[in-house]
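Structural overview
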Amino acid sequence: MIIFGLFFIIRKQWKAVMYFAATYLVFSGLTFWAYGSTPFVSYLFDNPGKRLPDWVFSEGVNQSLHAVLIRMNLISAGNSYLYTLLSVGILFLALVYIIYLLRSGLHDYIWMILLLCGLLVYPGTLSYYGVLLLFISFQLLDKNKSIGFNNMYINAFAIGLIYCFASFSLFTLICLLLIFIVFKSFKQ
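Since the model is a prediction, treat every value here as computed from it, not as a measurement.

**Observations regarding the overall build of the chain**
Secondary structure summary: the chain contains 10 helices and zero strands in total. For the chain, buried positions account for 33% of its 188 residues. Sequence-distant contacts, at least 24 apart, represent 58% of the contacts inside the chain between residues at least 6 apart. When the accessible surface of the chain is totalled, it reaches about 12100 Å², and 71% of it is carbon and sulfur. If the 11 positive side-chain charges of the chain are averaged to one point and the 5 negative ones to another, these points end up 14 Å apart.

**Description of helix 8 (residues 134–141)**
Among all positions in helix 8, only I136, S137, Q139 and L140 are buried. The arc enclosing the buried residues of helix 8, seen along the axis, measures out at 155 degrees, which places them on a common side. On its buried side, helix 8 packs onto helix 7 (110–121), helix 9 (152–168) and helix 10 (170–187).

**Topic: the nonpolar core**
In this structure, I113, L116, L133, I136, I174 and I181 are the most contacted members of the largest nonpolar core, which totals 39 residues. Secondary structure elements with two or more residues in this core: helix 5 (65–71), helix 6 (81–104), helix 7, helix 8, helix 9 and helix 10. At 10 residues, the largest contribution of residues to this core is made by helix 7. When near neighbours in sequence (up to four residues on either side) are disregarded, I181 contacts Y97, Y109, M112, I113, L116 and I147.

**Here we look at the confidence of the model for the chain**
Summarising the model, the chain shows a mean pLDDT of 82, and 93% of its residues fall at 70 or more. Per-element averaging of pLDDT across the chain places helix 4 (residues 48–51) at the bottom with 62 and helix 6 at the top with 90.

**Some remarks on the state of the cysteines**
Within this structure, the stated rule accounts for zero disulfides. Lacking any disulfide linkage, C117 is separated from the closest cysteine sulfur, that of C175, by 9.7 Å. Here C164 stays free of any disulfide, with the sulfur of C175 as its closest cysteine sulfur at 17 Å. For C164, a relative accessible area of 47% gives the class partly exposed.

**Concerning the packing of aromatic side chains**
Applying the stated rule across the entire model yields four aromatic pairs. With a centroid separation of 6.0 Å and 25 degrees between ring planes, the pair formed by Y97 and Y100 is classed as stacked. Placement of the pair is Y97 and Y100 together in helix 6, with a separation of three residues, close to one helical turn. Taking the relative accessible area as the measure of exposure, Y97 reaches 9% and is therefore buried. The class for Y100 is partly exposed, based on a relative accessible area of 31%. Between Y100 and F186 the ring centres are 5.2 Å apart and the planes differ by 55 degrees, which places this aromatic pair in the tilted class. Placement of Y100 in helix 6 and of F186 in helix 10 is noted, with a sequence separation of 86 residues between them. By the ring-pair criterion, three or more aromatic residues cluster together here, those being Y97, Y100 and F186.

Quick notes on the rules
Residues numbered from 1 in each chain as written. Predicted model: local features only at pLDDT ≥ 70, side-chain atom pairs only at ≥ 80, totals over all residues. Heavy atoms only, no water. Helix = DSSP H or I, 4+ residues; strand = E, 2+ residues; numbered from the N terminus. Buried < 20%, exposed > 50% of the residue type's maximum accessible area, 1.4 Å probe, protein only. Contact = heavy atoms within 4.5 Å. Areas by Shrake-Rupley, 256 points an atom, 1.4 Å probe, with all protein chains shown as cover. Lys, Arg positive; Asp, Glu negative; His and termini not counted. Charge placed at Lys NZ, Arg CZ, Asp CG, Glu CD. Arc of directions from axis to C-beta. Core = buried A, V, L, I, M, F, W, Y, C linked by side-chain atoms within 4.5 Å. pLDDT = per-residue confidence, 0-100. Disulfide = S-S within 2.5 Å. Phe/Tyr/Trp six-rings, centres within 6.5 Å; stacked < 30°, edge-to-face > 60°.

What follows is the structure, given as structure tokens:
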């Protein structure tokens, strides 16, 4: 949800941000009243990468950058400076790219980049998170969006490719979609 919140802040859609904040406060208040402060403290200070056992990252269901690097034996399962460095680098490049998109007026691309980069660097990304990529698939079908295709056959082919790669490797699909979105935005 932070990704969509960032999108609304970047687009300066303050009404949506206010609704988000009000809803957050109401539900947080209800949760605090019902369960106390424990859920909040564990959410803020318990890193998901630290609380998972190391063997979780070696399973194929984990499709994060961290897990892929571990399975490729490029980093160890413990603390890895290479993963931290790559994550910071990816987020920095995403920030630079988002600034470019804002200046170019290509607002349709911003939330896709935020979503894909978030899935890429989050250490707990599972193959089931691929359902979030349906949002991007629907954008490809919308000819009114700047990323959409105007050809029905290209749409069918693109959706078929997304489905095939999602069943093979969500990590690969995220990387391919990032590359596609960057190249498509430069053609605008």
